[in-house]
Amino acid sequence: IVIVDTSFLSFTISMLVQGLSYTFISGASDALLIDSIYAANEHESFEKVNAVARFLSYAAVFASAALGGLIAKQSLIYVYIATVLTQGIPLIILVFFVKEPPYKDKNLDGIRVKKIMQYVHSRRIFLWLMSIDVIISIALIPIEA
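Further remarks concern the overall build of the protein chain. A count of helices and strands for the protein chain gives six helices and zero strands. Along the protein chain, helices and strands appear, N-terminal first, in the series α-α-α-α-α-α. Counting only residues that meet the buried cut, the protein chain has 12% of its 145 residues in that class. Here the analysis covers contacts within the protein chain between residues at least 6 apart in sequence; of these, 52% occur between residues at least 24 apart.

Our focus in this paragraph is the pattern of salt bridges. Scanning the model with the defined rule gives one salt bridge in all. Residue Arg54 pairs with Asp30 through a salt bridge whose shortest N-O separation is 3.3 Å. With a gap of 24 residues between them, Arg54 in helix α2 (residues 46-74) and Asp30 in helix α1 (residues 8-39) connect regions that are remote in the sequence. According to the relative accessible area criterion, Arg54 is partly exposed, its value standing at 35%.

Once that is clear, we can look at unusual backbone geometry. A positive phi angle, close to 60°, is found at Asn41, a residue other than glycine. Position of Asn41 among the secondary structure elements: in the loop between α1 and α2. Judged by its relative accessible area of 53%, Asn41 is exposed.

On to helix α3 (residues 76-97), then. With 22 residues, α3 extends 32 Å between its outermost C-alpha atoms, agreeing within 8% with the 32 Å of an ideal straight helix rising 1.5 Å per residue. Backbone nitrogen of Ile77 and a side-chain oxygen of the N-cap are separated by 3.3 Å at the start of α3; the cap is Ser75.

On to a nonpolar patch on the surface. On the surface, Leu32, Ile89, Leu91, Ile92, Ile93, Leu94, Val95, Phe96, Phe97 and Val98 cluster together into a nonpolar patch covering about 970 Å² of accessible area. Tallying contributions element by element places α3 first for the nonpolar patch, with eight residues. Classification of Ile93 as partly exposed rests on a relative accessible area of 42%.

What follows deals with the packing of α2 against α3. Two numbers describe how α2 lies on α3: the axes approach to 6 Å, and their chain directions differ by 135°. With respect to α3, the element α2 is oriented oblique. Residues Gly68, Ile71, Ala72 and Gln74 of α2 pack against Leu76, Tyr78 and Val79 of α3. For the contact of α2 with α3, the per-class residue count stands at five nonpolar, two polar and no charged.

Rules used throughout
- Numbering of residues starts from 1 in every chain and runs along the sequence as written.
- Selection of residues for local features in this predicted model requires a pLDDT of at least 70, selection of side-chain atom pairs for listing and counting requires 80 or more, and totals for whole chains, interfaces and linings are taken over all residues.
- Only hydrogens and water are set aside when side-chain values are computed; all heavy atoms of the structure are taken into account.
- By definition, any uninterrupted DSSP run of H or I lasting at least four residues is a helix, any uninterrupted run of E lasting at least two residues is a strand, and each is numbered from the N terminus.
- Only protein chains enter the calculation, and the probe is 1.4 Å; a residue is then buried if its accessible area is under 20% of its type maximum, exposed if over 50%, and partly exposed in between.
- Two residues form a contact once any of their heavy atoms are found within 4.5 Å.
- One speaks of a salt bridge when a side-chain nitrogen belonging to Lys or Arg is within 4 Å of a carboxyl oxygen belonging to Asp or Glu.
- The span you would expect from a helix comes to 1.5 Å times its residue count less one.
- Within 3.5 Å is the distance limit for a polar contact, defined as a pair of N or O atoms, with the added protein rule that one can donate a hydrogen and the other accept it, and that residues adjacent in sequence qualify only through two side-chain atoms.
- Exposure above 30% relative accessible area and no salt bridge define the residues that can form patches, which grow by joining like charges within 9 Å and nonpolar side chains of Val, Leu, Ile, Met, Phe, Trp and Tyr within 5 Å.
- Only the protein chains shown count as cover for residues, and all accessible areas are computed by the Shrake-Rupley method using a 1.4 Å probe.
- Every angle, taken between N-to-C directions, lies between 0 and 180 degrees, and every axis is a line fitted to C-alpha atoms, over only the stretch in contact when it is a helix.
- Angles are sorted into four bins: roughly parallel if under 35 degrees, roughly antiparallel if over 145, roughly perpendicular if 65 to 115, and oblique for all others.
- When residue character is reported, Ala, Val, Leu, Ile, Met, Phe, Trp, Tyr, Cys and Pro are called nonpolar, Asp, Glu, Lys and Arg charged, and the others, Gly included, polar.

Below, the structure written as structure tokens:
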């Protein structure tokens with residue numbers, strides 16, 4: 001969004017989308033980790049693998065923030081391009097190479113977006129929690145400027 005239009009509104013919309021995506025990705029990555037460990041029948045190593053995965057995740061966030069700062073000295077557009085590329089590569093891997101575990105029931109009804117939206121709307125705490133990232137992003141805009 002920001003690569004196409006660098007206005008304040010597009011920045012705000014892209015940060016909203018990024019905040020929501022991070023909310024969903026964090027849960028999805030945990031589920032993928034748990035499914036992978038159970039599919040490999042490595043139940044006893046779950047805590048060790050989970051600890052290593054969390055460490056690597058937080059180290060990657062730190063490294064990306066530091067690297068993003070260095071890249072931003074050159075141009076902010078390079079930061080946006082790097083963000084798109086680094087988020088696109090895992091998407092390609094997930095779409096083409098990650099297989100559904102064989103123990104999962106394939107006959108389950110799909111999750112409907114309408115049901116999820118009704119559930120979230122009926123429980124206001126979800127809306128408050130999801131808006132925290134957006135509020136922080138908006139509050140930090142003057143600092144970034």
